[in-house]
Amino acid sequence: MNLNLNTLISLFAIAMYSTLFCIVAIAKPQTHERKTFRFYLLSMMFWSFSALMVFKGGKDALFWFKLMIPSGLASLVFMFNFVQTVTSRKVIWARYIYFFTVAMTLLSILTDATVQSVYVENGFITHYDLGPLMFLIAVPSYGLSIIYLSMLRKSYISTSDMTQRNRFRYLIIGMLVIFIGSLVNFTPLGKYPIDIASNGLAALIIAYTILKHKLLDISVVIRKGLIYSIPTTMIGAFYFLIISFAYNLFHALTGIQLFIFSLIVAIITALFLRPFLDRAQTWIDRLFYREKYDWGQMLERLSRTTVSVLDLDRLSNLILEEVSTTLHIKNAALFLKEKESSTFALMTYRGNNPKPNIWLEISHPLIKWLSFHNEPLAMTDLEVMPQFKSLWGKEKDDLELINGKVFIPLQVQNNLVGIFAFGERLSEQPYTMEDFRYLTAMANQTAVAIENARLYDLEQSQRKELDELYNLTAQLVNANDTNEILTRTALKTLEIVNVTYIRMLTLEEVGTFICRAAYHIRGSYPELCTDLPEPFSTQSIYQKVVRQATPRIFFRDSKSYSAEDLQHLFFDGASTVCIAPLIAGDICMGIMVLGENRNVSREPFSNEKIRLINTITNQTASALQRAQLHEQMEDNFVQTVLALANTMDARDTYTSGHSQNLADLAIATGMKLNMDNETLQSMRWGALLHDIGKIGVPDEILRKPGPLTKKEWEEMKKHPLIGANIVQPVKKLANVAPIIRSHHEWFDGNGYPFGLKGDQIPLPARILTVVDSFSAMIDTRIYRKGRSVEDAIIELKRCSGKQFDPMVVEAFLDSLNQINLSH
């Protein structure tokens, strides 16, 4: 047998599949997956051996060439069975594949229908002829390959397990390499061992998947030099393949021509392909973890990073990434000391699993030991040292969640401020003393930077809180409405304190609490029961908090409260609740209830947050008291204005009771027009106060028995504006002012004071115009007797569309039968 490129590639493929077969065969236990995959490797090993025998040449070359078909079919079948097993995706027609394989094997070996001839010269295939029925094998085989590749892809997409995803990913890559390499056999390039090389490359990918991602859950420890030599040899073989391929294209050259040609090919290959081969070599170096750690460069990079980065999250992630990449560590974590509670919270985590919520108490044996020893602690030491024998179950479970193998203290001025926890290395080699020295140097170098970043983060957080508090204060200063104050406070507090939900309750005169505003981090949350009295069972809890005059924290797992209490305190949406009183001086204005359901911290309501809550409640209570006083002043003002309006009725003898009658008529008409309650109330106040502006009109004009002069009319026309200006400053009468101002406007624009027309006139004012005119017509005055209701109706209809809105006139007339008129 000639030892050339073809035989070398075949021998390499045989060696790879034989090695993989032995690894899988000796792995314990022998699961169904391993057995199935073992048969696949055996068939691929036999296929590679058949290829080697073909390159040997001789009269048996055709037989071995034919034998490559059934061995290839067998590998497809076994791979298909393996994929069904690992993906748990069964195919009901799988049994028919075996009949097909047996039939095609007999057809290939016993006839020339699939392969007719093969010619081998000096270990190289020069020519081969496929039979007319080769498509019967090729088409189903490629179809089967596409099916199991699709099954692998679906499983890759559906699983969230990163280990499984990596296994499926590299299996897909390996099978695609074989698939693409086999297609070459149907081209003129089929005489070159491209398909055999692709099978060898696929074996290399499978080996990598077993070594790195534990395909079939096999753990193999092999000397790194042996692993590294395999892909390096492949690169050399590929280099030799290029030269050999060129030689076969021009094999007729001899002597000096062959020497010159070989020299040219070597130079061209070196110039154009060497960069790609170098890149492949670098990739292999990284792929198989050649442990040449450049600690100096890593520490230099960290030195530059820690100086320029003040963001704590970014800094901690950069540090963990640098160390994990350099040491090839599976997972890494950083614990930092919380200022308020002195516990150590998991700040940053790198690994395949989601970040767990872990806090290490200051009494934890690990924290105690690292506080007094500025040196690494390995898990193996932790398991045998006497002081760690007292670890509780949860304390052990917390450490196992991060799979920590070595713990490095972060100390600043002899104070423990954090802990690095690093998991096992991808090579599964233990940490060395040199690793410990470098990790300690790294921790010492980054400790101050991390502490500075933490302090900077704390300072930024406090500055943001101050800004938000200033904005809230500015909003509350300008707010005089109770509901507005409670709503703004609730929204701002939800953001500043960063809780799950907030409820604002006011203390009513009867001594009960009513929720006036409630918000959740997800927005509106009707389940928080707004505008409803609080259940009796919670009233005593709230009253106790008010008597203590300080915030109080409640926990869902407390044994002191019944299931009913927990439900009424909304513990179904929170694990911790803080109830803070709203006290201004000695007066309780209400309470603030904050709930937290997220594991954002070991103590969701730390001392720092309680101080922040106290600041907000003090501001809110003062604002509520001020709003209450303002509302009382407005109520007093309204009562004063109403008294003046009643005085005007009494002053103008013919209008005694006039305003109340107008209010009744206007409300009845507005209800016919389906006006909402708020607008009806505004219109009622407008009717009661519509003539309040006459307080600025002299008595001689108001009480004049005859018609007014032009000058007197000009004075009289001022009363709508005077009345609007009187009520305008009162917030609760702000919607009444436009009604009073416009109740003498005409529908056609000929009214006063502004000559508004149509829809420019507010609807309540248009109603008031109709009912005021109707009342004026039927009222008896000093200088004339009042008209009958029938005459007044006729006049309304006559002026409809001119002075009056036809729609309002129609609604008013419909409502007349329901009103008891007083005149």
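This structure is a prediction, so every number in the text was calculated from the model and none was measured.

Cut-offs applied
- Residues numbered from 1 in each chain as written.
- Predicted model: local features only at pLDDT ≥ 70, side-chain atom pairs only at ≥ 80, totals over all residues.
- Heavy atoms only, no water.
- Helix = DSSP H or I, 4+ residues; strand = E, 2+ residues; numbered from the N terminus.
- Buried < 20%, exposed > 50% of the residue type's maximum accessible area, 1.4 Å probe, protein only.
- Areas by Shrake-Rupley, 256 points an atom, 1.4 Å probe, with all protein chains shown as cover.
- Phe/Tyr/Trp six-rings, centres within 6.5 Å; stacked < 30°, edge-to-face > 60°.
- Lys NZ or Arg CZ within 6 Å of the ring centre and 35° of its normal.
- Pairing = 2+ DSSP bridges.
- pLDDT = per-residue confidence, 0-100.
- Contact = heavy atoms within 4.5 Å.

Novice: Describe the overall build of the chain, with residues and values.
Specialist: For the chain, the helix and strand inventory stands at 29 helices and 13 strands. Across the 823 residues in the chain, those meeting the buried criterion constitute 48%. Carbon together with sulfur atoms contributes 57% to the accessible area of the chain, which is approximately 41,600 Å² in total.

Novice: Could you give me a rundown of the packing of aromatic side chains, with the residues and numbers involved?
Specialist: Scanning the entire structure with this criterion turns up 13 aromatic pairs. Both rings, one in F37 and one in F82, keep their centres 4.7 Å apart while their planes meet at 50°; by these two values the pair is tilted. Taken as a pair, F37 in helix α2 (residues 32-56) and F82 in helix α3 (residues 61-87) lie far apart in primary sequence, 45 residues in all. Its relative accessible area of 0% is what places F37 among the buried residues. An angle of 15° between the planes, with centres 5.7 Å apart, marks the rings of F80 and W93 as stacked. Here F80 is found in helix α3, whereas its partner W93 is found in the loop between α3 and α4 (95-110), with 13 residues between them in sequence. According to the relative accessible area criterion, W93 is partly exposed, its value standing at 35%. Here a set of aromatic residues connected by ring pairs shows up, and it is made of F37, Y40 and F82. Positioned above the aromatic ring of Y431, the side-chain terminus of R425 is 5.7 Å from the ring centre.

Novice: Which residues make up the pairing of strand β8 (residues 415-422), and what values go with them?
Specialist: Regular strands place their side chains on alternate faces of the sheet. The element β8 is extensively covered by neighbouring structure, given that seven of its eight residues are classed as buried. For strand β3 (residues 332-337) and β8, the ladder comprises five bridges, and the chain directions are antiparallel. Residue pairing across strands places F335 opposite I419, the latter belonging to β8. Sheet topology note: the strand β7 (residues 406-412)/β8 ladder contains seven bridges and is antiparallel. Looking across to β8, one finds that V412 is bridged to N415. Counted between consecutive antiparallel strands, the loop separating β7 from β8 contains two residues, among which Q413 sits at a positive phi close to 55°.

Novice: I'd like to hear about the confidence of the model for the chain, residue by residue, with values.
Specialist: Counting all residues, the mean pLDDT for the chain is 80, and 83% of those residues have values of 70 or more. Taken as a whole, residues 220-229 scores under 50 in pLDDT and shows 14 contacts with residues more than four places along the chain or in a different chain. In this model, residues 288-293 is a region of pLDDT below 50 whose contacts with residues beyond four sequence positions or in other chains number 18 contacts.

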